[in-house]
Structures are given as C-alpha cells and as structure tokens.
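# Secondary and tertiary structure notes
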Amino acid sequence: MSEEKRLRVAVVGTVGLPARYGGFETLVENLVRYHRRTDAPEALAVYCSAKAYEDRAERFLDAELRYIPLNANGAQSIPYDMWSMLSAVWRGCDVILVLGVSGTILLPLIRLISKARIITNIDGIEWKRDKWGWLQRHILRTSEALAVRMSHEVIADNGAIAEYVAETYGADCAVIAYGGDHALESEARALSEIDLPERYAFNVCRIEPENNVHMMLDAFSQSADFPLVCVGNWDRSAYGVDLKARYAAAPGIRILDPIYDIGKLKTLRAGASAYIHGHSAGGTNPSLVEIMHFGVPVFAYDCSFNRHSTENRALFFASADQLREQLEATGTDRLAEIGAAMRQIAQARYTWDAIGAAYFALLRNIPAARLPLINETPISKD
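The following paragraphs examine the structure supplied in this document.

Conventions and cut-offs
- Residues numbered from 1 in each chain as written.
- Predicted model: local features only at pLDDT ≥ 70, side-chain atom pairs only at ≥ 80, totals over all residues.
- Heavy atoms only, no water.
- Buried < 20%, exposed > 50% of the residue type's maximum accessible area, 1.4 Å probe, protein only.
- Helix = DSSP H or I, 4+ residues; strand = E, 2+ residues; numbered from the N terminus.
- Contact = heavy atoms within 4.5 Å.
- Polar contact = N/O pair within 3.5 Å; in protein donor to acceptor, adjacent residues only side chain to side chain.
- Pairing = 2+ DSSP bridges.
- Phe/Tyr/Trp six-rings, centres within 6.5 Å; stacked < 30°, edge-to-face > 60°.
- Lys NZ or Arg CZ within 6 Å of the ring centre and 35° of its normal.
- Disulfide = S-S within 2.5 Å.
- Patch = residues over 30% accessible without salt bridge, like charges linked within 9 Å, V, L, I, M, F, W, Y side chains within 5 Å.
- Areas by Shrake-Rupley, 256 points an atom, 1.4 Å probe, with all protein chains shown as cover.
- Salt bridge = Lys/Arg side-chain N within 4 Å of Asp/Glu carboxyl O.
- Axes fitted to C-alpha atoms, helices over the stretch in contact; angles between N-to-C directions.
- Right-handed = clockwise from strand over helix to strand, strands pointing away.
- Expected span 1.5 Å × (residues − 1).
- Arc of directions from axis to C-beta.
- Core = buried A, V, L, I, M, F, W, Y, C linked by side-chain atoms within 4.5 Å.
- Parallel < 35°, antiparallel > 145°, perpendicular 65-115°, else oblique.
- Left-handed = near helix turned anticlockwise from the far one by under 90°.
- Nonpolar A, V, L, I, M, F, W, Y, C, P; charged D, E, K, R; others polar.

## Examining helix α8 (residues 262-271)
The complete set of buried residues in α8 reads Gly263, Lys264, Leu265, Lys266, Leu268 and Arg269. Buried positions along α8 lie against β9 (201-204), β10 (228-231) and α9 (286-292). Of the residues that open α8, the one with a side-chain oxygen 2.8 Å from the backbone nitrogen of Gly263 is Asp261.

## Some words on the sheet that holds strand β6 (residues 117-121)
For sheets, the rule is that strands pair by backbone hydrogen bonds, running either parallel or antiparallel. As summarised here, the arrangement of the eight strands in space is β3-β4-β2-β1-β5-β6-β7-β8, forming an open sheet in which the pairing is mixed. Of all the strands in the sheet, the pair left with one neighbour each is β3 (59-60) and β8 (174-175). In this sheet, strand β4 (residues 63-68) lies alongside strand β2 (residues 43-49) in parallel orientation, the contact comprising five bridges. Within β4, the residue paired with Cys48 across the bridge is Tyr67.

## Digging into unusual backbone geometry
The step from Leu17 to Pro18 runs through a cis peptide bond, and the omega angle for that step is 0°. Mapped onto the secondary structure, Pro18 falls in the loop between β1 (8-12) and α1 (23-37). If you check the backbone angles, Asn212 has positive phi at about 55° while not being a glycine. The residue Asn212 is located in the loop between β9 and α6 (213-220) in this model.

## With respect to the packing of aromatic side chains
This structure, assessed with the given rule, holds five aromatic pairs. Just above the ring of Phe226 sits the side chain of Arg199; from NZ or CZ to the centre is 3.9 Å.

## Quick notes on the state of the cysteines
Tallying each qualifying case throughout the model produces zero disulfides. This cysteine, Cys230, is not joined by any disulfide, and Cys205 carries the nearest cysteine sulfur, 5.2 Å off.

## Details of a nonpolar patch on the surface
Together, Leu86, Leu109, Leu112 and Ile113 make up a nonpolar patch on the protein surface, roughly 380 Å² of accessible area in all. The element best represented in the nonpolar patch is helix α3 (residues 107-113), accounting for three residues. With respect to the helices, strands and loops of the structure, Ile113 is situated in helix α3. For Ile113, a relative accessible area of 48% gives the class partly exposed.

## Focus: the side chain of Arg349
Relative to the elements of secondary structure, Arg349 occurs in helix α12 (residues 332-349). A relative accessible area of 9% places Arg349 in the buried class. A distance of 3.4 Å separates the side chain of Arg349 from the backbone oxygen of His308, its partner in a polar contact. A polar contact is formed between the side chain of Arg349 and the side chain of Glu311, at a distance of 3.0 Å.

## A few points about the sheet that holds strand β11 (residues 253-256)
Overall, parallel pairing links the six strands, which are arranged β11-β10-β9-β12-β13-β14 in an open sheet. Edge positions in the sheet fall to β11 and β14 (315-317), since each of these pairs with one other strand and no more. Neighbour-to-neighbour, the strand axes of the sheet open up by a mean angle of 20°, direction not taken into account. Direction of pairing for β9 relative to strand β12 (residues 274-277): parallel, over a ladder of two bridges. By the bridge assignment for β12, Phe202 is matched with Tyr275.

## Describing the pairing of strand β5 (residues 95-99)
In the case of a regular strand, side chains alternate between the two sheet surfaces. Buried residues dominate β5, accounting for five of its five residues. Neither face of β5 is open: one carries Val95, Leu97 and Leu99, the other Ile96 and Val98, and all of them are buried. Judged from the four bridges that link them, β1 and β5 form a sheet pairing that is parallel. Paired with Ala10 across the strands is Ile96, a residue of β5. Across five bridges, the pairing between β5 and β6 is parallel. For Leu97, the partnering residue across the bridge sits in β6 and is Ile119. Following the chain from β5 across α3 to the adjacent parallel β6, one finds a crossover that is right-handed.

## So, α12
For α12, built from 18 residues, the straight-helix expectation of 26 Å at 1.5 Å per residue is met to within 8% by its first-to-last C-alpha distance of 26 Å. Here α12 has its buried residues at Leu335, Ile338, Gly339, Ala341, Met342, Ile345, Ala346 and Arg349. Angular distribution of buried residues about the axis of α12 spans 160°; they occupy a single face of the element. Projecting away from the buried face of α12 at angles above 90 degrees are the exposed residues Thr332, Asp333, Ala336, Gln347 and Ala348. On the buried face of α12, the contacting elements are α9, β13 (298-301), α10 (304-309), β14 and α13 (352-363).

## So, the nonpolar core
If you look at the biggest cluster of nonpolar residues, it comprises 131 residues, and the most contacted ones within it are Val213 and Phe220. Ignoring any residue separated from it by four or fewer positions in sequence, one finds Val213 in contact with Cys205, Arg206, Ile207, Glu208, Cys230, Trp234, Tyr239 and Leu243.

## Observations regarding the packing of α6 against helix α11 (residues 320-329)
At a closest axis distance of 8 Å, the pairing of α6 and α11 adopts a crossing angle of 50°. In terms of axis orientation, α6 runs oblique to α11. You can see that α6 and α11 cross each other, and the crossing is right-handed. Across the interface between the two elements, Met215, Met216, Asp218, Ala219 and Phe220 from α6 touch Ala320, Leu323, Arg324 and Leu327 from α11. Considered class by class, the residues forming the contact of α6 with α11 number seven nonpolar, no polar and two charged.

Distances and angles like these do not, on their own, reveal function.
Here it is in structure tokens:
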C-alpha cells in the first residue's frame, strides 16, 4: 500500500519506546509488536520524551519515533501531551490515540483545527485518587470530561470505569484491558536478592497508600510459615520508608527493593502459592493480569475494579483481619480452583493478540457491531 493511502496513526501520552516505565508504555510496545506480527498496513508514529532516552532511535520495529523535549510525567506532562497532539495534527495524522487525560484540555482546539479521529484511553478515573490536591483534582476532572465529550471514541480498561462514564457523562466506552501473556515469555532467572521460602505469597506494586500495602503487611506480619514476599519502591516516599522500617524484621514479611529483571519476576510469580493484590484505584492493573496467566490464586482488595478484572472469581478482602481470615480458611483444593479460574480468564481476555485486535479495530473505525472488544458484564458482590 502506498504511503499516501496508509492510515496515519499517532500515539501520544507515554514516555515512549522501548517501554521502560509503566502500563501505557507496555501497552504501546505490544501494540507495535502486534502491528509487525500481523503485517498491519497503518503508518504508526509514537511520541517519546527526549528527556527519557539518551540514544534516540528513529524507529522501533515498524513505528516511527518522534521526540518532544519535555518530561512525560510530573509538572511537564500536560504541555508534553499538548505538544505531541499539535505535532500530530501538523504532520497530518488521520487518527490520534491519546493515552491518559493529561493533555485533553486541548481537545476542543484539536477538533476545531483538525479532521483527525481522536481515540482516548481515559485511564483510571485519575481525579479520584487520594494523592492529588484540590487543584490537581479539578484539572484532571475537567480534562476527563473534555476527553469523553470531545473524543470520537473513548476506551476504558475496566468495566467499572465504563459504568462510571455511562452514569456520569451518558457516554459509551469500548472496554479494552491489557495483555499479560508477555510475562510468560522470558526465561526464569534465579534471584540473588533472597532465598525464596518453599511456600510464599507474592505482591509487586508501587508503595502507595491506595495500594493498601500497610494492610497486606499487617495481615502477614506474624505468618512465618507462609510469608509475603513484597517487591516495591519502598524508599520513594515517607509511607514506604515507614513501612519498611516497621516490617523489615517481621517473621512473615520479606521486603525486596524494585526488581526490573523480567526473568527474576517470572521466578517470583511462578513459585508463588498466592498473589495478594491491594490496588483500590486505577482500573485494570497490569500486575494483576500478568499474575493471572501463571494460574496463581488471587486475594484482591474488594473494589469494583478488581471484581471486574477477575470476573468476581478471586477471593476479596477489605481489612487486614479479613485477609488473615481468608488465608486461614481457604483450603488447597479451593486455592487450586481459583488459580485455574484466573488462568482461564487471562487466556480468554488478557492476551496481546486480543488487545491488539481490539485497538486496531477502533483505529480502523470498524463498526461497533464487528469489533472484537473485550466487553464485560456487570459484576455484583453477591
């Protein structure tokens, strides 16, 4: 297909490629890999932060990389996203895939000056997170409203977010989560950081109050026979430093600093007897869908996001005492049943082939009735 006739797609809102940061970056890398694997015809361009890459490659697989001289996160995230969108318009892109709502306050102008289709993944109802002050919440909520109203298509990564958008704005979403099968592909590597117990529970997350790390540590603190191995960025906040100091010597806790080696993470996941998921915000969490591919039974914090992600088939807790009770009361057969259910759900819903097909159907503007989307049914607590 000639360059003139190819659909020109720009992806904005991430740090860039290759993925080094978080969930959106992993999403984009796997979309580009899907594009290559399926020999898709679109001309892809991914906007990257020049501040994050010393060696600024011109391409990643079949995708052109375009660099903006700002940081993608922090105080510069809004102008970074705005600059990226304006550049995409200037370069004549047909479709702009916007990941997150940081720069969507610019969308009314983009719609005025451009005929590009705007597809926005609104992320996880960011303005409700406890870590933001009043001003940040106001900006994020305004940006979210503009994203929903000014985008041609809105993506939610979780059924609970789609329900929120329908109730708040009267708008429909395409529900497309994340893949997790990439976590299986690496070779397992031995850990030098720890001698793993024969039987242990596992968690990996950012050490933030909304991830209920304190609750998990409290529940496992005296569980010497079944300890919790917890990986995270403990030294990045007063919350993490305090928890590390308080629980480092507890008989039921093994604290590890961040591990980025995917082979070591595979070893930790594959050997775990249970996964403890404390996230209370953010929609579908990549670390949850990754562990589900290993067939590990999941104990998840009781919120609508986690019930949707696990189809209500995990075990749920809302306090340290409740988590302790669940751990003590759940037998081996029940754990095996839950683990098998987690793997079955992951293989059906959280593969990059399924996610890629859904995203590229939206990019190509395939009518909704033909979209291979991962739509979810309402989840109740009963």
